[in-house]
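# Descriptive analysis of the structure
So you can see what is in the structure, the chains are spelled out below.
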Amino acid sequence: MSDWKVSRRELLAQGSAAALGMALFHPSLMAQTSTIGQGERIIPFLDQPAAPAPADAGMNLLKWEDLNSWITPNPQFFYAWHYDQPVLSEKDWKLQITGLVKRPMTLSLADIKARQRQETIFTMECSGNDGLKWFRGGVGNAKWAGTALAPLLKEAGVMPGALEVVFTGSDEGEEQIREFLDDIRPIKMKQNFARSMSIDDAMDPHHLLCYEMNGDPLPSANGFPLRLIAPGWFGIANVKWLKRIEVRNTRLMNRFMARDYVTIREEDSQGRKVWTETSVGRALIKSMTAKVTRRDGRYRIDGAAWGAPIARVEVRIDNGPWMAATIDRSHEAEFAWKFWSLDWERLNPGEHTIVSRAIDTKGAVQPAMDDPRIAKKHTYWESNGQITRRIRIS
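Right, let's walk through the structure included here.

Of the regular secondary structure elements, the protein chain holds six helices and 21 strands. Burial statistics for the protein chain: of 394 residues in total, 51% are counted as buried. Pairs at least 24 apart in sequence give 73% of the contacts found in the protein chain among residues at least 6 apart. If you sum the accessible surface of the protein chain, you get close to 18,600 Å²; carbon and sulfur atoms cover 49% of it.

What the four strands build is an open sheet, ordered 17-16-20-21; its pairing is antiparallel. At either margin of the open sheet sits one strand with a lone partner, and together these are strand 17 (323-324) and strand 21 (388-393). Relative to strand 21, strand 20 (residues 350-360) runs antiparallel, the two being bridged by six bridges. Of the residues in strand 21, the one forming a bridge with Gly350 is Ile393.

Looking now at helix 3 (residues 149-156). Regarding helix 3, the residues found buried are Leu149, Ala150, Leu152, Leu153 and Ala156. Mapping the buried residues of helix 3 onto a view down its axis gives an arc of 160 degrees, with all of them on the same face. Phi turns positive one or two residues past the end of helix 3, at Gly157, with a value near 85 degrees.

Tracing the sequence through the fold places Glu277 in strand 13 (residues 272-279). Along the sequence, Glu277 and Ala258 sit 19 residues apart, while their C-alpha atoms lie 9.1 Å from each other.

Bringing the side chain of Ser356 into the picture now. Looking at the secondary structure, you find Ser356 in strand 20. Within the structure, Ser356 has its side chain in polar contact with the side chain of Ser287 (distance 2.8 Å). When neighbours within four sequence positions are excluded, Ser356 is seen to be in contact with Ser287, Met288, Thr289, Val313, Glu314, Val315, Trp322, Trp340, Gln366, Gln386 and Ile387.

Turning to the nonpolar core, a few remarks are in order. In this structure, Trp144, Phe167, Leu226 and Ile245 are the most contacted members of the largest nonpolar core, which totals 55 residues. No other element matches the five residues that strand 8 (residues 208-213) contributes to this core. The residues contacting Leu226, other than those within four sequence positions of it, are Trp93, Leu95, Leu109, Ile112, Leu209, Cys210, Tyr211, Leu218, Lys240, Trp241 and Leu242. Grouped together as the second largest cluster of nonpolar side chains are 22 residues, Ala308, Ile327, Trp340 and Leu342 included.

What follows covers empty space enclosed by the protein. Taken as a whole and assessed by the stated rule, the structure comprises two cavities of 30 Å³ or more. Counted as a void, the largest cavity has a volume near 240 Å³. Around the largest cavity, the lining is made up of 22 residues, and of these Ala80, Arg227, Gly235, Ile236 and Lys240 lie nearest the centre. Tallied by class, residues from the lining of the largest cavity come to 13 nonpolar, five polar and four charged. Phe167, Arg195, Ser196, Met197, Leu228, Trp233, Ala237 and Val239 are the residues that line the second largest cavity. In terms of residue count, the dominant contributor to the lining of the second largest cavity is strand 7 (residues 182-198) (three residues).

The next thing to look at is the pairing of strand 12 (residues 262-269). Bridge count between strand 12 and strand 13: eight bridges; the pairing is antiparallel. Paired with Val262 across the two strands is Ser279, which belongs to strand 13. Between the antiparallel neighbours strand 12 and strand 13 lie two residues, among them Gln270 with a positive phi of about 55 degrees.

Taken in spatial order, the five strands of this open sheet run 1-14-15-19-18, and their pairing is antiparallel. In the strand order of this sheet, the two ends are held by strand 1 (40-43) and strand 18 (326-327), each with one partner. As defined by bridge partners, strand 14 (residues 286-295) adjoins strand 15 (residues 298-306) across nine bridges and the pair is classed as antiparallel. Residue Val292 lies in a different strand from strand 15, and its bridge partner there is Ile301.

The residue Asp130 is located in the loop between strand 4 (118-125) and strand 5 (139-148) in this model. Taking relative accessible area as the criterion, Asp130 reaches 18% and is therefore assigned buried. At 3.4 Å, the side chain of Asp130 and the side chain of Asn129 are in polar contact. Within the structure, the side chain of Asp130 is placed 3.3 Å from the side chain of Arg136, a separation counted as a polar contact. In this view, Asp130 contacts Glu125, Phe135, Arg136, Lys286, Met288, Ser383 and Ile387; residues no more than four positions away in its chain are not counted.

Reading guide: rules and limits
- Residues numbered from 1 in each chain as written.
- Predicted model: local features only at pLDDT ≥ 70, side-chain atom pairs only at ≥ 80, totals over all residues.
- Heavy atoms only, no water.
- Helix = DSSP H or I, 4+ residues; strand = E, 2+ residues; numbered from the N terminus.
- Buried < 20%, exposed > 50% of the residue type's maximum accessible area, 1.4 Å probe, protein only.
- Contact = heavy atoms within 4.5 Å.
- Areas by Shrake-Rupley, 256 points an atom, 1.4 Å probe, with all protein chains shown as cover.
- Pairing = 2+ DSSP bridges.
- Arc of directions from axis to C-beta.
- Polar contact = N/O pair within 3.5 Å; in protein donor to acceptor, adjacent residues only side chain to side chain.
- Core = buried A, V, L, I, M, F, W, Y, C linked by side-chain atoms within 4.5 Å.
- 1 Å grid on protein atoms, 1.4 Å probe; cavity = no way out; pocket = protein on both sides within 12 Å on 5 of 7 lines; lining within 4 Å.
- Points joined across faces, edges and corners; volume = space filled by probe spheres on them.
- Nonpolar A, V, L, I, M, F, W, Y, C, P; charged D, E, K, R; others polar.

What follows is the structure, given as structure tokens:
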């Protein structure tokens, strides 16, 4: 990003989620990574964000040392938006399904709730998470409920020749585009936030038109009354405050598909440097060391891994050998994070480094920071490199 004005439009959010009692959750969903009990203390990390979050960021970012439940309670779930935060009423809200469909539809929230209910547990991460010096903790895990998107699209009747589905939110702002040959006459226009995906991707049976989060109506900051939930995709694809779904035979090339949320990489091609630009889409495998605790002279490292079906997690201390962490397999939700831990008994006083890496079921390994996929990436999106955490033992 070139300046803070740009990042505010992309990442900032303000607002609050409704209070939610812990008793609303099933006990198994609230399983803890580790209980901080009598005689146990958290060893603070030395690598807290190098710069503080901007005063008006207000994104409710997760503080990793406080991670203690598999399901992230609604008041603790991160949020972000790009234009205004719309204030919508269930009574007046409608969803249009339009474009290249045989049977256009206009649905109320009651119409959507009358359809077959489907639930999924999905760990959602902002695609800018860990890409900025202050931005760490844009991730959370929730139980989402709604109705499947694919049957609605089939009922509407997607016409031959359709290429993609555009999801448009109610949030609105002004965009300024300069004409190609005339730099002094910018075009200003009102725009709603919108993202798109291919017909095949939109037909994924896991995708939901979601109206519930952890058993409650969606909080306003998280998309009330309806949002798209696309498990396995970065948060940007999970459009909030949905008001229109449009089937098109052309590619959407708005700010959020073509100019912003674009990852730029430098690559080698037959000895020559080339540049690639790709739109942010599917989530990437990632892990994070959440906290280190001490009790009776023994230490334990806890963390989480997500972004793909996790086969194993490995941890390296002080550039030593990779060691296998123990993964909590009590929750086997396909799109949810896995908690992991490693006991650490032999420890000398001084500063120590901890690095974790996740490996998925297909053998893909979370890249190191010097891997070309990370080292030659020139935008902050999709930052899934291995993260080094530092502590000091006295």
